[in-house]
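What follows is the residue order along each chain.
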Amino acid sequence: MRPVLTLLAILAVLPALVNAQEVPAAAPTSGSITLDRLFEDPALNGPVARAPKFSPDGKLVTWLRPNERDFLRLDLWAAPVAGGAPFMMVDSKALVPDEGALSEAEAARRERQRLAGTRGLVAYEWDKKGEAILAPLGGDLYYVSVANPNSPRRLTRTPEFETDAQISPAGGYVSFIREGQLMALKLGTSEEVALSPAASEATTYGMAEFIAQEEMDRDTGYWWAPNDGRIVFTRVDESAVALVPRVEIGASQTEIVQQRYPRSGATNASVALFIKDMTTGAVVPVDLGENDDIYVARVNWSKDGQTLYIQRQNRAQTRLDLLMVDPATGQSKVILTEADLVWLNLTNDFTPLASGDFLWTSERTGWRHIERRKRDGTGVQVLTTGNWAVSQITGVDEAAGRVFFMSNKDDSLEQRLYSAPLAKRRAPSAVTASGGSWGVAMATTGKAFLGTYSDPTTPPRFGLYEASGRLIRWIEENKLDSRHPWAPYLAKRASVRFGTLNGPSGDVLNWSMQLPANFDPSKKWPVIVYVYGGPGVQVVRRSWGSNTDQVHAARGYIVFSIDNRGTPNRGRSFERAISRKLGGPEVEDQLAGLAFLKAQTYVDPSRIGVWGWSYGGYMALRLATEAPEAYAAYVSGAPVTDWSLYDTHYTERFMGKPQDEADAYSRSSVLPRLKNVKRPLLILHGMADDNVTFDNSTAAFDALQSASIPFEIMVYPGQKHGIREKARAKHVQLTILNFFDRTLGPGPR
C-alpha cells in the first residue's frame, strides 16, 4: 500500500480528495488561498523538480518539470553544470501532440507508481556517454540527441505500447517490454531482438508482478549486467492467482474486469529468474531454492558483472536471504541472512563497490545502520551505529572513502544528508543544513549531488551542490518573491507549530498544527485532523507542507496531525508495535492526540473532525467505531474495511495469514463494528479501484445499512485508488470541505 493522496501523490505537495454537497463553500478572506487555485495552472508550489539526474559526462543536470499551462504534463528540462540558464530539452507535447490512450499494462504500471493522471514525459534515461536521452512517449520510444534535441530519432513505431524502457549500461541496447515480452533494440543497427519467450495469458517475462510494484518498491523485472554481457529477467506465472471480479463502473459503461489479485492468505504469482548470455544466446535458470512460495525482492550486479546478488524474502517476511549467484550457471548460495520475529523491511540500500565489497543495511540492533561486507558476505564492518536510523544510502565516493546517506539523526522531523567513512566506524558528519527536509540524488562519483530542500516557509528549491554541501548553483531556486504563484496568498498563509506528547505506551509522539492566519487564541476554533497512521508514511515533517491543509486553514479550521506508533523513522520497536493488531495502537495514539487538542483553551472540543485516505480511510473508520463520539465528524476515503480483502505482501507483513491469525483479523476489521457509528460519516471511493478494491466500501455500505445507520457516500465512476483528474480531484476536496462545513462549521465562535 503505497500512500495515495490523489493529486498530492502526483505532485507531492498539492491537494487531494473531495466531494460536493448542497452547502456552498464559505467565501475565503480576501487574499486567502482558494480551492479553485489549487487546481489551476501554473502549479501553486512553483517549478518543483522531479526525477533529477546528472548526465553521465557530468556536463548537464536534467529533471522533469510541470508545464506552466498544465501542471499534470511533464517536460524534460536541463541546465549546464558550469552555469547558464535552464532550458527545455524535450517539449513533450511538441514531440507527441496526441499521446492517445494508455495500454492496460502502462496504465497499471503508472497506477502502481502513483503516476496515473500525469501526461507527457513521466520517465527518461541517459545513454552511457551523455550524448542522448531515451524518452518514452505515446507508447513509442524516442532517442533525443543532446546536440540536436529538435530532431529526435524514433526507435519504435508500433500499435503496442513499449513500457519499462531502459538503455543498457554499456549503451549497446534499448530494452523494453512489449505485450509481456522482454525485447531489445540494437542501437547501432536498429535491429529488434526478443530476449525472452512470448507472453501467454497468465505468464509474462521481464515485468514486475502486481505485488512487487504495489508493495515491494520493485517496478521492473529485468536487470542488465554492467558490460551488457548478460541480462537477468523474471518469468511471472499468475495462473494460480485467484481471479477477483472487479466491477469497473464508468460514466457511460460498466465492465467486469477479472483481475488476478492475491488477497491475504491466497496464492501468489510464481516468480522465476533466468540469465541470458547476450553473446551466445544461452539462457540458464537461477537457483532460488526449493521453496517457491517466496518473494524475489531485489536483484543487483557486482560492479564487474561477475556476480549476481538476489534478495529472497520468505512468505512470512521474517527472513531475508542474500543469494550469491554464478551468472554462468545460475547456481546460488546464501551468504547473508537477516531474521526478525515480527517482520523485515525491504530497502534499496545494497551498494556494490569497485573493490568487490558491498554495502548493506540492517535493523539488527533495533535501528537501521550501514555495514560493509566482502563479495561473499563475510568480513562485516559496521560503519554507523546509535539510537537513530539510516533512511537510505544515497551514494558513495570510493576515492575519498565516504558513504552518503539520508537520516533524521539529529531531528526526527527532518531528513538530511550525512556522510561517514567507508573503512571504519566514525561519527557521521552532516552534509546538508538543518531546519527542513531534503531529498538528494548523488552523482555516481559521489563528488556532487542534486538537492531539493523545503521547510515551512520555503517552497521546494532545487540546487547543485558539492559533496561538502556547498551550493554550486541553483537549478530551480523557486524564490518566494512577488512573481511566485504563492505570492498573492502569502500574507494569509497558515503558520505551523510542532510539538510532542507522551502517548499511552510512553512513546513520544510528534504532532503538527496549522493555525489560520487570523488565529486568535482567545476564541474557540474548529479542528480538522488529517490522519494516515499506517506503516511507511511520516506525516509530521518540517517541510513546506500540504496545500490542502492551507485551504482548510484559510476556511477557518485548525489542521492537526500526529504520527502514531507504526509509522517509520523512529526505530524498530516504535514501528513493530502494530504487529498482529492493526487499528489498535494507532487508534490509542490518535486518541491521545485528540485529548491533547481538547485540552487547549483555543479549541472547540465539540467541533473536531477527522479525515484520511487509504490507510487513513481505514483509520477514520476505526476511530468512528472505537471512539464513535470522540470526534464530531468522520471522513473515510478508499478504506480497507477488512484486511482479508487486501493483498498478501502488505497485509501478511503486519497480520500474518488469516488462516493462522483469525482472531487478529477479526479484531482489525471495521465491518462488525460499524454498528457503533454515531456521528456524521462520509465515505468516498473510486469505483474502479484496483488496489483497495471497491468491495471494501460496498461491504461497509451494507453493514451500515443493515444497522439502519445513516451515512453519506460519494463514489467516482472509472476512478482508481487515487482521484487524479483535476476536476474530480477538486470535487473530492470540495466534498470533504463542504461536509466539514456542515458538520463542524468553519471559523471561531
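Residues numbered from 1 in each chain as written. Predicted model: local features only at pLDDT ≥ 70, side-chain atom pairs only at ≥ 80, totals over all residues. Heavy atoms only, no water.

(A) Highlighting the overall build of the chain. Counting its regular elements, the chain contains 13 helices and 44 strands. Relative to the globule expectation of 27 Å for 749 residues, the C-alpha radius of gyration of the chain, 25 Å, shows essentially globular dimensions. Seen through its C-alpha atoms, the chain measures out along the principal axes to roughly 75 × 60 × 60 Å. Expressed as a percentage of the 749 residues in the chain, the buried residues total 60%. Contacts in the chain between residues at least 24 apart in sequence constitute 59% of all its contacts with a sequence separation of at least 6. Accessible surface computed for the chain: about 27600 Å², of which carbon and sulfur atoms make up 49%. For the chain, the distance from the average position of its 83 positive side-chain charges to the average position of its 84 negative side-chain charges is 5 Å. (Helix = DSSP H or I, 4+ residues; strand = E, 2+ residues; numbered from the N terminus. Rg over C-alpha atoms; globule rule 2.2 N^0.38 Å. Buried < 20%, exposed > 50% of the residue type's maximum accessible area, 1.4 Å probe, protein only. Contact = heavy atoms within 4.5 Å. Areas by Shrake-Rupley, 256 points an atom, 1.4 Å probe, with all protein chains shown as cover. Lys, Arg positive; Asp, Glu negative; His and termini not counted. Charge placed at Lys NZ, Arg CZ, Asp CG, Glu CD.)

(B) Here's a closer look at the sheet that holds strand E32 (residues 429–430). Read from one edge to the other, the open sheet built from four strands follows the order E29-E30-E31-E32, with strand pairing classed as antiparallel. Bordering the open sheet on either side are strand E29 (390–397) and E32, each of which pairs with just one other strand. In this sheet, E32 lies alongside strand E31 (residues 416–421) in antiparallel orientation, the contact comprising two bridges. Among the inter-strand pairings, tyrosine 418 is bridged to a residue of E32, identified as alanine 430. (Pairing = 2+ DSSP bridges.)

(C) Representation of the nonpolar core within the structure. In this structure, Ile558, Tyr631, Trp643, Leu684 and Phe740 are the most contacted members of the largest nonpolar core, which totals 100 residues. Sequence-distant contacts of phenylalanine 740, that is, excluding residues within four places in its chain, are made with Ile528, Tyr557, Gly609, Val610, Trp611, Ala633, Val635 and Gly745. Listed in part, the 20 residues of the second largest apolar core include Trp223, Val241, Val299 and Ile310. (Core = buried A, V, L, I, M, F, W, Y, C linked by side-chain atoms within 4.5 Å.)

(D) Quick peek at the packing of helix H8 (residues 585–598) against helix H9 (residues 615–626). It is the contact of H8 with H9, at a shortest axis distance of 10 Å, that shows an interaxial angle of 75°. Relative to H9, the element H8 is oriented roughly perpendicular. Touching Glu586, Val587, Gln590 and Leu591 of H8 are Tyr615, Met619, Arg622, Leu623 and Glu626, all from H9. For the contact of H8 with H9, the residue count by class is five nonpolar, one polar and three charged. (Axes fitted to C-alpha atoms, helices over the stretch in contact; angles between N-to-C directions. Parallel < 35°, antiparallel > 145°, perpendicular 65-115°, else oblique. Nonpolar A, V, L, I, M, F, W, Y, C, P; charged D, E, K, R; others polar.)

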